[in-house]
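# Per-entry structural report
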Amino acid sequence: MKRIYTISGLLLLFTFFTTAAFAQNITVKGKVTDGANGDALIGVTVAVKGTTTGTQTDANGAYSLSVPTNSTIQVSYIGYTTQDIAVGGRTVIDIKLQGTNNQLQQVVVIGYGTQRKVDNTGSVASVKAADINNQASTNPVAALQGKVSGVTVINNGTPGSSPQITIRGLGTVYGNVSPLYVVDGVWYSDISFLNNNDIDNITILKDASSTAIYGVRAANGVVLISTKRGAKNSKPTINYNGYVGFQAITNQVKMANASEYATAINELVDYGNQLNPDDPANPPTFANPASLGNGTDWYKQILRKAFVTSHQVSVTGGTKAITYNYSFGYLDQDGLVKTNNYKRYTLHLANEFSPFSFLKIGYNANGVINKSKDAPDGIFHQIFAAAPTLPVRNADGSYGDPAKFGASSGNNFNPQATLDFYNQVTKNDRVTGDVHAEFSILKNLKFRTSLGGDFGTQEVRNFTPLYTATPAQSTTTSNLNINQIKTKNWIWENTLTYDYQVKDHRFTALLGYSAQNNRTTQLNARADGVPYNGSGDLYTSFPADAAVTRIATAGDQLHNRTLSQFARINYSFQNKYLINASLRRDGASQFFPNPYGWFPSVGAGWVITNESFMKDQHIFDVLKLRGSWGKVGNSVVPINPSVQTVANDPYLTAIFGNAQIANPGSSINTFVPPLIRWEKGVSSDFGLEMAFLNNRLSFEADYYNRETQDAIFAIPVLGSIGSASGNLIGNQATIRNRGIEFLLSWKDSPSESFSYSLSGNIGFNNNKVLSVISGNTPIYQGGNGISNGALATRTIVGDPIGAFYGYKVAGIFQTTQEIAASKQPTAIPGDFIYEDINKDGALDTRDRTVLGNPNPKISYGFNSTFNYKSFDLTLDFQGVADVSVYNANIAYRFGNENFTQDFYNNRWHGAGTSNTYPSTNVGSNANSAPNSFYVESGAYFRVRNAQLGYTLPGNTFKKLGVQKIRFYANAQNAINIFGYKGFTPEIGGTVGNMGIDASVYPLFATYNFGVNVTF
């Protein structure tokens, strides 16, 4: 009986405490907004500190959470300062999050997780969704231009093209120069499948300490991208974002008109007579140049103002156990070239499910379908070179024949005919994404597994019909060429993360395992005699009498696999002393038989302002020093060939024997190189971070030294042993990029109705080849547009990668007497005078020298935002300096190509007329050789983006279910200031051909009007 009473008493006591405990839980509600502009923040994490209980804000920034009365809630969001707020029995708590430009208290994305920036010891930069979405860029990478120091982005005007991006300079000659993109944990080589509006955050990892966790793919930096997701306990929200506008060419090059062109061509004929005095003199091509007038403006004829429109609709929301985000996007972009068009359809799906408190599963899926009607290759060279004397069409409607209007082999084409009979379509279908699950094994121990994939097909279909436009532009049979590339990649990753804190010590440990499989197959086939009645004919079976040929291409089948293990530990003591260390072991099948490599990193930091001796000072809000070292790899290099190939060329045929029989011969034209290993990047970084004036002013500086070791370089071999290429590639060079980066930011809210932010960044980088094992061995490249067959770039010890290389121009020959006394006896008046660099009394190839550097030494950006009541203004400026470009268009000549107005006005056409510009005989072998005349400054400054927006008052359309309407007008690349004589100095290209302007599709300015609507 006593026992029964005892048990009853215990039950009663337990019930009392249980009831009391539940009675102490209250429901806290509120709204989280941006402290600067008052905008609602979506997806903010609101959690009970020290527990796994939490929620996220909905599309209106609202949250609701059951918490103990005397608990503390922690509010965190990427890009904003984390806040700890004591509940104190309150049921309504509205929270204003402050984004500090020093960003030290922000949560940033790092490899396989997140971290407070104050705890980070590497060089990491974050770009928020608003900085990407408020631009007219059709590719997310383009939106990064000018946003991050040390990051160089080179855009291309071709619709649908992906920009080139380099992080802290070029570190390879033969390998891939692009960074690794990691989207929601899955690895990619490009992110053309993403819609800007689907991105939540972009983080750029710049130093080896932060990138080493990605091992063999991290040598060129890592770009981490998080896409948008739904928020728990939020109502369904529909958002529409769309704009329409047009694109216009900027800084168009003015060409000589018909009269000027005829005058110049007659001069060219006269120079030809001087070069061949023993031949009968050729008469002038044009009898009366002055009578020809302006003629045809081929730029006006072929180019246009291009229409562009973009639309995206998204639906987001969530319950206690499920979140979702779905979006569909459509882009229609015309090219500057008439008939050129690009269409893209994107789909983004994201769901997360929490069936139990310890389990979270989900998926992210992205689909893209794009189709482009392509512009003809070389069309910009054609409209540059076409004779203005040539009519587009004759009076009878036939095409103007260039041969009848002063053209020659160099410009014997009618650009309109080229455009009308060009029929090429490129299609891409691609599906990417992942499925993942996260288990909370213990309070601080989590296991995550994810399986991601990238599956796509690219098809390029080119059809040439049977046609006759002019004698030089015709075909006798139709031709259909189809090239198809299929990609099947998957990656499986597993991580175990443990967070632990005891008193002043905080640890985060990570263990991981990763397996990847990448497979690419390619098929290229051609058929002649294919009929064409419509586009459908080109996708049906070939006619029985069509000659179908499979064309072998290099890399028809590519298959490689990677197996990796990695670990990382982050340690903090009293929030003052920081240590981060990681180690990754990668094994890649393409480097068999020695596939494995180890990639370590270590970083340390000291938050000086957390020291006791800094407590009473009032200068620094934050003062932090950090340093790091690490080793990473670049596995995207030429794959180890393991089979010796043999060529059976006709010239190897030998005829011998009594019957004089032809015997086919074989030769080894290329050699299996010695074992090729991945290139290794070893770098160190030292950083300083400071904040002043209540975190309104922040400053960040970095010094880095990055060396590419075992860089692949060409090894010269004797031609006498049978090599057709004359070289053999192998790991034998060291390349260095060294530089300094600065970031200065100011952010303030003088009043409730006005806030603004200003941010400037600048980076200095010096690129240099330090050593080559085989000696002072140069790599010559850069033949684009060089009409005499020379190469315009050289990579060698002591110089940057792909430096422009050629003769230095000292002036222009004025008279025959001056030529007779020179070292160029075959020249004629009006030709370049080249310097005798080595002073040996002769002019030859040994007098060539470095003329310029296509790798920008300085890149900078300035970004600003202003908010006043319902108005917002964004102004972004960007530029590069101390960089050169090569204007190959001027000497890209084989006959009677046209001249620019600048060249015509300044050309040499008689003694004393010019000592800087040559005569119209610029296309001759001597004058068209790479020289300093064609190397110009590639520096520029531009207004990258200007946008003015207005948000209607909140209650204007509330009865219709509309929460927010914002209108905006946008101008991108509207103002460009530079001295280059081409369309734009922003010129990309492959390594060794970088910065050479020869028929480059120019950039454009975009002007558009858009609207954002939230329901």
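First things first, this report covers the structure right here in the doc.

Calculation rules
- Residues numbered from 1 in each chain as written.
- Predicted model: local features only at pLDDT ≥ 70, side-chain atom pairs only at ≥ 80, totals over all residues.
- Heavy atoms only, no water.
- Helix = DSSP H or I, 4+ residues; strand = E, 2+ residues; numbered from the N terminus.
- Rg over C-alpha atoms; globule rule 2.2 N^0.38 Å.
- Buried < 20%, exposed > 50% of the residue type's maximum accessible area, 1.4 Å probe, protein only.
- Contact = heavy atoms within 4.5 Å.
- Areas by Shrake-Rupley, 256 points an atom, 1.4 Å probe, with all protein chains shown as cover.
- Lys, Arg positive; Asp, Glu negative; His and termini not counted.
- Charge placed at Lys NZ, Arg CZ, Asp CG, Glu CD.
- Pairing = 2+ DSSP bridges.
- Axes fitted to C-alpha atoms, helices over the stretch in contact; angles between N-to-C directions.
- Phe/Tyr/Trp six-rings, centres within 6.5 Å; stacked < 30°, edge-to-face > 60°.
- Core = buried A, V, L, I, M, F, W, Y, C linked by side-chain atoms within 4.5 Å.
- Polar contact = N/O pair within 3.5 Å; in protein donor to acceptor, adjacent residues only side chain to side chain.
- Salt bridge = Lys/Arg side-chain N within 4 Å of Asp/Glu carboxyl O.
- Patch = residues over 30% accessible without salt bridge, like charges linked within 9 Å, V, L, I, M, F, W, Y side chains within 5 Å.

### Thoughts on the overall build of the protein
- Within the protein one finds 10 helices and 52 strands.
- Relative to the globule expectation of 31 Å for 1015 residues, the C-alpha radius of gyration of the protein, 33 Å, shows essentially globular dimensions.
- Counting only C-alpha atoms and orienting by the principal axes, one finds that the protein spans roughly 135 × 70 × 70 Å.
- Here the protein holds 1015 residues, and 53% of them are scored as buried.
- Restricting the contact set of the protein to residue pairs at least 6 apart, pairs at least 24 apart contribute 70%.
- Of the roughly 44000 Å² of accessible surface on the protein, a fraction of 58% belongs to carbon and sulfur atoms.
- Each charge class in the protein can be summarised by its mean position, and for the 78 positive and 69 negative side chains these summaries are 11 Å apart.

### Things to note about unusual backbone geometry
- Positioned with a positive phi, Arg168 is a non-glycine residue whose angle comes to about 60°.
- Locating Arg168 in the fold gives a position in the loop between β12 (164-167) and β13 (180-183).
- One non-glycine residue, Thr339, adopts positive backbone phi at about 85°.
- As for its position among the elements, Thr339 is in the loop between β19 (322-334) and β20 (341-356).
- Under the relative-accessibility criterion, Thr339 is labelled partly exposed at 33%.

### Some thoughts on the sheet that holds strand β6 (residues 83-86)
- The sheet built from four strands is open, its strands ordered β3-β2-β5-β6 with antiparallel pairing. The open sheet has two edge strands, β3 (54-56) and β6, and neither has a second partner. For this sheet the average axis-to-axis angle between neighbouring strands, irrespective of direction, equals 20°.
- Bridging between strand β2 (residues 45-48) and strand β5 (residues 72-76) involves four bridges; their strand directions are antiparallel. Residue Val48 lies in a different strand from β5, and its bridge partner there is Ile73.

### Considerations on the packing of aromatic side chains
- Summed over all chains, the structure comprises 40 aromatic pairs.
- Ring plane angle 15° and centroid distance 6.1 Å describe the contact between Phe573 and Tyr577, whose orientation is recorded as stacked.
- By relative accessible area, which is 23% here, Phe573 ends up partly exposed.
- Under the relative-accessibility criterion, Tyr577 is labelled partly exposed at 34%.
- Seen in terms of ring centroids, Tyr780 and Tyr805 are 6.1 Å apart; in terms of plane orientation they differ by 45°. Their pairing is tilted. Taken together, the residues Tyr780 in strand β39 (residues 779-781) and Tyr805 in strand β41 (residues 803-806) connect sequence positions 25 residues apart.

### Considering the sheet that holds strand β40 (residues 793-795)
- Ordered in space as β39-β40-β41-β44, the four strands form an open sheet in which the pairing is antiparallel. In this open sheet, the two strands that pair with only one neighbour each are β39 and β44 (849-852). Neighbour-to-neighbour, the strand axes of this sheet turn through a mean angle of 45°, independent of strand direction.
- Of the strand pairs in this sheet, β41 and β44 are connected by three bridges, and their pairing is antiparallel. By the bridge assignment for β44, Phe804 is matched with Gly852.

### Section: the environment of Ala248
- Here Ala248 lies in strand β17 (residues 234-249).
- Remark: the alpha-carbon pair of Ala248 and Ala306, spanning 58 residues in sequence, is separated by 6.5 Å.
- Apart from the residues within four sequence positions on either side, Ala248 is in contact with Lys305, Leu336, Phe1004 and Ala1005.

### Concerning the nonpolar core
- One finds Ile302, Val337, Tyr886, Phe933 and Tyr934 to be the most contacted residues of the largest nonpolar core, which totals 57 residues.
- Among the elements that line this core, the one with the most residues is helix α4 (residues 258-275), at six residues.
- Discounting residues that sit within four places of it in the chain, Tyr886 has contacts with Ile786, Ala792, Phe804, Ala929, Pro930, Asn931, Tyr934, Val935, Tyr980, Gly995, Ile996 and Asp997.

### What to know about the environment of Ser478
- Inspection of the secondary structure assignment puts Ser478 in the loop between β25 (473-474) and β26 (479-502).
- Its relative accessible area of 8% is what places Ser478 among the buried residues.
- For Ser478 and Gly789, which are 311 residues apart along the polypeptide, the C-alpha to C-alpha distance reads 32 Å.
- Beyond its immediate stretch of four places on either side in the chain, Ser478 contacts Phe463, Thr464, Pro465, Leu466, Ala527, Asp528, Gly529 and Val530.
- In terms of polar contacts, Ser478 uses its side chain to reach the backbone carbonyl oxygen of Val530, at 2.7 Å.

### So, the side chain of Arg736
- If you trace the backbone, Arg736 turns up in strand β37 (residues 727-751).
- Despite its burial, Arg736 remains without a salt bridge, the nearest opposite charge being carried by Glu707 at 5.9 Å.
- Ignoring any residue separated from it by four or fewer positions in sequence, one finds Arg736 in contact with Asn705, Arg706, Glu707, Asn766, Asn767, Lys768 and Leu770.

### Quick word on a nonpolar patch on the surface
- Nonpolar side chains collect at one region of the surface, where Val435, Leu451, Phe455, Trp490, Trp492, Tyr513, Leu563 and Tyr596 lie side by side and expose about 730 Å² of accessible area between them.
- For the nonpolar patch, the elements supplying multiple residues, two or more each, are β23 (445-464) and β26.
- Secondary-structure assignment places Trp492 in strand β26.
- Overall, Trp492 belongs to the partly exposed group, its relative accessible area being 37%.

### A closer look at the environment of Gln106
- With respect to the element layout, Gln106 can be found in the loop between β7 (95-97) and β8 (107-110).
- Taking the C-alpha atoms as reference points, Gln106 and Ser126, 20 residues apart in sequence, are found 10.0 Å from one another.

### A look at the pattern of salt bridges
- Taken as a whole and judged by the stated rule, the model has 32 salt bridges.
- With a shortest N-O distance of 3.5 Å, Asp420 and Arg393 are connected by a salt bridge. Within this pair, whereas Asp420 is found in helix α7 (residues 415-420), its partner Arg393 is found in the loop between α6 (379-385) and α7, the two being separated by 27 residues in sequence.
- Among the residues examined, Asp420 registers a relative accessible area of 36% and is labelled partly exposed.
- A residue is classified by how much of its surface remains accessible, and Arg393, at 39% relative accessible area, is partly exposed.

### A closer look at the pairing of strand β50 (residues 964-978)
- Bridge count for strand β49 (residues 940-951) against β50 is 11 bridges, and the pairing is antiparallel. Its bridge partner lying in β50, Gly949 is registered against Tyr968.
- Relative to strand β52 (residues 1004-1014), β50 runs antiparallel, the two sharing nine bridges. When the sheet's bridge partners are listed, Ile965 is paired in β52 with Val1013.

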